[in-house]
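Here's the letter readout for the chains.
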Amino acid sequence: MALPVCAVRAFEPPRQPERGAPARTTCPRRHSRVEAELAASRPGSVAASVRAGPPRGVSHGFHTRPLLDKPRKASSSLAGAACAPLFALLSRGRRRRMHVLRRRWDLGSLCRALLTRGLAALGHSLKHVLGAIFSKIFGPLASVGNMDEKSNKLLLALVMLFLFAVIVLQYVCPGTECQLLRLQAFSSPVPDPYRSEDESSARFVPRYNFTRGDLLRKVDFDIKGDDLIVFLHIQKTGGTTFGRHLVRNIQLEQPCECRVGQKKCTCHRPGKRETWLFSRFSTGWSCGLHADWTELTSCVPSVVDGKRDARLRPSRNFHYITILRDPVSRYLSEWRHVQRGATWKASLHVCDGRPPTSEELPSCYTGDDWSGCPLKEFMDCPYNLANNRQVRMLSDLTLVGCYNLSVMPEKQRNKVLLESAKSNLKHMAFFGLTEFQRKTQYLFEKTFNMNFISPFTQYNTTRASSVEINEEIQKRIEGLNFLDMELYSYAKDLFLQRYQFMRQKEHQEARRKRQEQRKFLKGRLLQTHFQSQGQGQSQNPNQNQSQNPNPNANQNLTQNLMQNLMQNLTQSSSQKQNRESPKQNSGKEQNDNTSNGTNDYIGSVEKWR
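Chains are numbered independently. Their residues run from 1 in the order of the written sequence. Under the rules for a predicted model, residues below a pLDDT of 70 receive no local features and side-chain atom pairs below 80 are neither given nor counted, while totals for whole chains, interfaces and linings still include all residues. Processing note: side-chain calculations cover all non-hydrogen atoms of the structure and skip hydrogens and water entirely.

(A) Expanded view of the overall build of the chain. Scanning the chain from terminus to terminus reveals 20 helices and four strands. Accessibility here uses a 1.4 Å probe with only protein chains present; expressed as a share of the type maximum, an area under 20% marks a residue as buried, one over 50% as exposed, and anything in between as partly exposed. Relative to its full complement of 609 residues, the chain shows a buried share of 33%. Throughout, a contact is declared for two residues whenever any of their heavy atoms are within 4.5 Å. The long-range fraction of contacts in the chain, counting pairs at least 24 apart against all pairs at least 6 apart in sequence, stands at 72%. Using a 1.4 Å probe, the Shrake-Rupley method yields the accessible areas, and only the shown protein chains count as cover for residues. Of the roughly 39,700 Å² of accessible surface on the chain, a fraction of 54% belongs to carbon and sulfur atoms. By the criteria applied, helices consist of DSSP H or I runs no shorter than four residues and strands consist of E runs no shorter than two, each listed in order from the N terminus.

(B) Spatial organisation of the packing of helix α10 (residues 327-339) against helix α15 (residues 471-480). Two elements in contact, α10 and α15, have axes separated by 10 Å at closest approach and are oriented at 95°. With respect to each other, α10 and α15 are oriented roughly perpendicular. The segment α10 lies against α15, with V328, Y331 and L332 engaging Q474, I477, E478 and L480. When residue character is reported, Ala, Val, Leu, Ile, Met, Phe, Trp, Tyr, Cys and Pro are called nonpolar, Asp, Glu, Lys and Arg charged, and the others, Gly included, polar. Along the lines of polarity and charge, the residues of the contact of α10 with α15 split into five nonpolar, one polar and one charged. As a rule, the C-alpha atoms of each element are fitted with a line to give its axis, helices using only the stretch in contact, and angles between N-to-C directions run from 0 to 180 degrees. If an angle is under 35 degrees, it is roughly parallel; if it is over 145, roughly antiparallel; if it lies from 65 to 115, roughly perpendicular; otherwise it is oblique.

(C) Main features of the pattern of salt bridges. What makes a salt bridge here is a side-chain nitrogen of Lys or Arg within 4 Å of a carboxyl oxygen of Asp or Glu, nothing more. This model, assessed by the stated rule, comprises 16 salt bridges. A salt bridge links D226 to K272, with the shortest nitrogen-to-oxygen separation between them at 3.8 Å. Taken as a pair, D226 in the loop between α7 (212-215) and β1 (228-232) and K272 in the loop between α8 (239-248) and β2 (277-278) lie far apart in primary sequence, 46 residues in all. Exposure remark for D226: the relative accessible area of 28% places this residue in the partly exposed category. Across the pair D380 and R476 runs a salt bridge whose closest N-O atoms are separated by 2.5 Å. Here D380 is found in helix α11 (residues 375-380), whereas its partner R476 is found in helix α15, with 96 residues between them in sequence. By relative accessible area, R476 is classed as partly exposed at 34%. Connected via shared salt-bridge partners are R269, E274, D305 and R316.

(D) Fine view of the packing of aromatic side chains. Each Phe, Tyr or Trp ring (for Trp, its six-membered ring) is paired with any other whose centre lies within 6.5 Å, and the angle between the two planes then decides the class: stacked below 30 degrees, edge-to-face above 60, tilted in between. What the rule picks out here adds up to 20 aromatic pairs. Note on F231 and F242: the rings are 5.5 Å apart at their centroids and 55° apart in plane angle, and the pair reads as tilted. In this pair, F231 is assigned in strand β1 and F242 in helix α8, connecting sequence segments 11 residues apart. Residues F231 and F242 agree in their burial class; the two are buried. Feature note: the residues F221, F231, F242, W276, F430, F444, F448, F452 and F456 constitute an aromatic cluster, connected by ring pairs. We call a charge positioned above a ring when the Lys NZ or Arg CZ atom is no farther than 6 Å from the ring centre and deviates by at most 35 degrees from the ring normal. Positioned over the ring face of Y499 is K439, at 5.3 Å from the centre of the ring. Over the ring of Y442 we find R503, and its NZ or CZ is 5.6 Å from the ring centre.

(E) Main features of a nonpolar patch on the surface. Judged by side-chain polarity, L122, M160, F162, L163 and V166 come together as a nonpolar surface patch covering roughly 420 Å² of accessible area. Here the element with the most residues in the nonpolar patch is helix α5 (residues 149-172); it accounts for four residues. For F162, the position within the fold is in helix α5. Candidate patch residues must exceed 30% relative accessible area and have no salt bridge, after which like charges are joined if within 9 Å and Val, Leu, Ile, Met, Phe, Trp or Tyr side chains if within 5 Å.

(F) Structural detail: the state of the cysteines. We call a pair of cysteine sulfur atoms a disulfide whenever their separation is within 2.5 Å. One pass over the structure, following the stated rule, counts five disulfides. What pairs with C256 in a disulfide is C267, and their sulfur atoms sit 2.1 Å apart. Given an S-S torsion of about 120°, the disulfide between C256 and C267 has right-handed geometry. Remark: C267 occurs in the loop between α8 and β2 and C256 occurs in the loop between α8 and β2; sequence separation between them is 11 residues. On the basis of relative accessibility, which here comes to 13%, the residue C256 falls in the buried class. Overall, C267 belongs to the buried group, its relative accessible area being 2%. Note that C364 is cross-linked by a disulfide to C381, the S-S spacing being 1.8 Å. Taking the sign of the S-S torsion, -80° for the link of C364 and C381, the bridge is left-handed. Of this pair, C364 sits in the loop between α10 and α11 while C381 sits in the loop between α11 and α12 (389-394), placing them 17 residues apart in sequence. Counting only cysteine sulfurs, C364 is the nearest neighbor of C373, a cysteine outside any disulfide, at a range of 9.4 Å.

(G) The arrangement of unusual backbone geometry in detail. Here H290, not a glycine, exhibits a phi torsion of approximately 50°, which is positive. Among the secondary structure elements, H290 is positioned in the loop between β2 and α9 (293-305).

(H) Summary view of the nonpolar core. Put simply, buried Ala, Val, Leu, Ile, Met, Phe, Trp, Tyr and Cys residues joined by side-chain atoms within 4.5 Å make one nonpolar core. Counting residues in hydrophobic clusters, the biggest one holds 72 residues, and the most contacted among them are F242, W276, L296, I321, L394, F444 and F448. One finds V328, L332, W335 and W344 within the second-largest nonpolar core, a separate group that totals 18 residues.

(I) Focus on the pairing of strand β4 (residues 430-433). Because side chains alternate across β4, one face comprises the buried residues F430 and G432, and the other comprises F431 and L433, equally buried. Here, strands pair whenever DSSP counts at least two bridges between them. Pairing of strand β3 (residues 318-324) with β4, which is carried by four bridges, proceeds in the parallel orientation. Bridge assignment links I321 to a residue of β4, and that residue is F430.

(J) Examining the side chain of N249 more closely. Mapping N249 onto the fold places it in the loop between α8 and β2. Among the residues examined, N249 registers a relative accessible area of 7% and is labelled buried. With residues up to four places along the chain from it excluded, the contact list for N249 reads R244, N451, F452, I453, S454 and F456.

(K) Local environment of the environment of G401. The residue G401 is located in the loop between α12 and α13 (410-427) in this model. The spacing of G401 and R413 is 12 residues in sequence and 9.3 Å in space, taken between C-alpha atoms.

(L) Structural detail: the side chain of Q497. One can find Q497 in helix α16 (residues 482-539). The class of Q497 is buried, set by a relative accessible area of 2%. Contacts described as polar in this section are N or O atom pairs within 3.5 Å, which, within protein, must combine one atom able to donate a hydrogen with one able to accept it, while residues neighboring in sequence count only if both atoms come from side chains. Here the side chain of Q497 touches D493 through a polar contact of 2.7 Å, side chain to side chain.

(M) View of the confidence of the model for the chain. On average, residues of the chain score 76 in pLDDT, and 62% of them are at 70 or above. Per residue, pLDDT captures the predictor's confidence, and it can take any value from 0 to 100. Averaged pLDDT values for the elements of the chain fall to 42 in helix α6 (residues 184-187) and rise to 98 in α12. This model gives residues 45-84 a pLDDT under 50, and the stretch forms 51 contacts once residues within four places in sequence are excluded. Throughout residues 580-594 the model reports pLDDT below 50, and contacts reaching past four residues in sequence, or to other chains, amount to 12 contacts.

Right, dumping it as structure tokens:
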């Protein structure tokens, strides 16, 4: 059986040009396309019904002929009539897949060709533009029009890199809030690190009257002695971050040893195997999980000196410190924490030597935890310890009968708790506020004479800030925490007054030091002047006598100036010695050196009122 002509052409090798034939100078694909068009113009030819081929730049494979979208109609040519049944032998699905494949291949090739031509045109135009710019600037030294192919490729690579950087920048910083796009940040001066951190008014008007002793908090803490710093950690006030600062971020002669994977660090005194810090990250929860003021004051002395004989126990001072937070933000943060499964079941709540009973302190939930509770359910529980938590943990609960609500009326109980919390907070060695991180760091350093390695960071975005509540819910939260609201207002006023008082005192000390330095330099200049003048008089005594008939007057003047200079020097040295030994003259220094600063500050407070 004889094969059709199209089948024979499909299996035969590609034809070679005849010997002596001229070489083809045109593009083979363009030449084949021209031949196909000429063949298609002839009537009755097979090529009239066959597609001329793929577009320029697309290949069909190794010596394969183009596929047909659909069976060709029978023509007058025998070859066309013979080739038509071959495509019809394929199944309909096969023909459809071959048709889709060819269309996809043509589309991808078209995209690649357009991209290549576009980049080439872009590079060509940029070359001419940059060439014109360089020719204007550098003249004949820079002729971009004569650049070689390597320079063109380098230029195109730089342009593509710039476009990629612009795309990445727009992806990372989609808006104008990106710090990289704020040009005024480069021209603005460095702000004060102790500016108002809560975006409130910089001018502070005090509301409460505090004495000099309440404002001046300077603790004579000797880490080599027997005193102890006790950290009262209230839930969701940023105490975890502050506790890590205490064990990892303080410049000490013997730093705390913190091992990887362990929460507790070893904070020993220099030369002793005894801790100077009682906190979660140094001694753990030795008095119970988040122990309050009532528990710590009765537990810490027995835990620290419990193994020693009463006669051998040192007389140590316990310096209590804590951190407070805005009540609404703290309440929402605790609700989110409880939603994630926190219960604080391990808290002992020991008061007057015993924990509360289930009738005195009922539970708000049944089950292992209160995870997933809505905010309304969290607020509806009357026994929720999150309500007024800061007042309860800072007050002396033995004054109100601990957790027994039947000892006194509720109004009287609330008043006693609030006054106790205010008193304990005011007499603490130090307390800070979560909303004022840098001021908290400053006051701690001035109070304990201990410096931190790196500055504190103010985080304005927290889990509580992500909770969107309306005005009605906020007012209800404030009503549930009305004692905490009043305590926080009191604490914020005291905190800012202490900060301003310490800053004014620091400015006065700096001004006094500058005055002493000026006096010292002035005395040195006078001393060198009279020494040079005396040397000149000793070298030319006859000339000096003829010019000055009364030499005793100059000598008396020189002696008086030298005496005044020596008195100033002795006074400045005595003041330096007094500053170097604050322990011996601590009472005198506080009464004499701070009286002027305190009077100025109290006077300014009265003016503000």
